[in-house]
Amino acid sequence: MTNTYNQLKKELSILYPDVTDIELNEMTNNLIDFYTIAVKAVMEGETTDAKEFVVDDKNFSS
């Protein structure tokens, strides 16, 4: 995980060159937390009897 953390931090420092190291650490932690929560939510949804998501929009082609 440390290698992934450092890679993400490096990419963020390239995208946002004017931010401080403290801000980079916070941004990196927030992104990792966000995706961890998102994956957990998806995994929980797959284990229960989840209904199929239906998009009823004429602008959305299926």
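Let me begin by describing the structure that accompanies this report. Quantities reported herein were computed from a predicted structural model and do not represent experimental measurements.

1. Some details on the overall build of the protein chain
Link 1 in the chain: Within the protein chain, the regular secondary structure consists of two helices and zero strands.
Link 2 in the chain: For the protein chain, the residues scored as buried account for 10% of the 62 residues in total.
Link 3 in the chain: Accessible surface, the protein chain as shown: approximately 5900 Å² in total, 56% of it carbon and sulfur.

2. Some thoughts on the side chain of Thr-28
Link 1 in the chain: For Thr-28, the location among the structural elements is in helix H2 (residues 21–47).
Link 2 in the chain: Taking relative accessible area as the criterion, Thr-28 reaches 0% and is therefore assigned buried.
Link 3 in the chain: Filtering out sequence-adjacent residues up to four positions away, Thr-28 remains in contact with Tyr-5, Leu-8, Lys-9 and Leu-12.

3. Describing the packing of aromatic side chains
Link 1 in the chain: One pass over the full model with this rule turns up one aromatic pair.
Link 2 in the chain: Judged by centre distance (5.0 Å) and plane angle (85°), the ring pair of Phe-34 and Tyr-35 falls under edge-to-face.

4. Some thoughts on the environment of Gln-7
Link 1 in the chain: Relative to the helices and strands, Gln-7 is located in helix H1 (residues 2–15).
Link 2 in the chain: In this structure Gln-7 comes out as partly exposed when scored by relative accessible area, which is 47%.
Link 3 in the chain: Taking the C-alpha atoms as reference points, Gln-7 and Thr-28, 21 residues apart in sequence, are found 9.7 Å from one another.

Each value, and the rule that gives it
- Residues numbered from 1 in each chain as written.
- Predicted model: local features only at pLDDT ≥ 70, side-chain atom pairs only at ≥ 80, totals over all residues.
- Heavy atoms only, no water.
- Helix = DSSP H or I, 4+ residues; strand = E, 2+ residues; numbered from the N terminus.
- Buried < 20%, exposed > 50% of the residue type's maximum accessible area, 1.4 Å probe, protein only.
- Areas by Shrake-Rupley, 256 points an atom, 1.4 Å probe, with all protein chains shown as cover.
- Contact = heavy atoms within 4.5 Å.
- Phe/Tyr/Trp six-rings, centres within 6.5 Å; stacked < 30°, edge-to-face > 60°.

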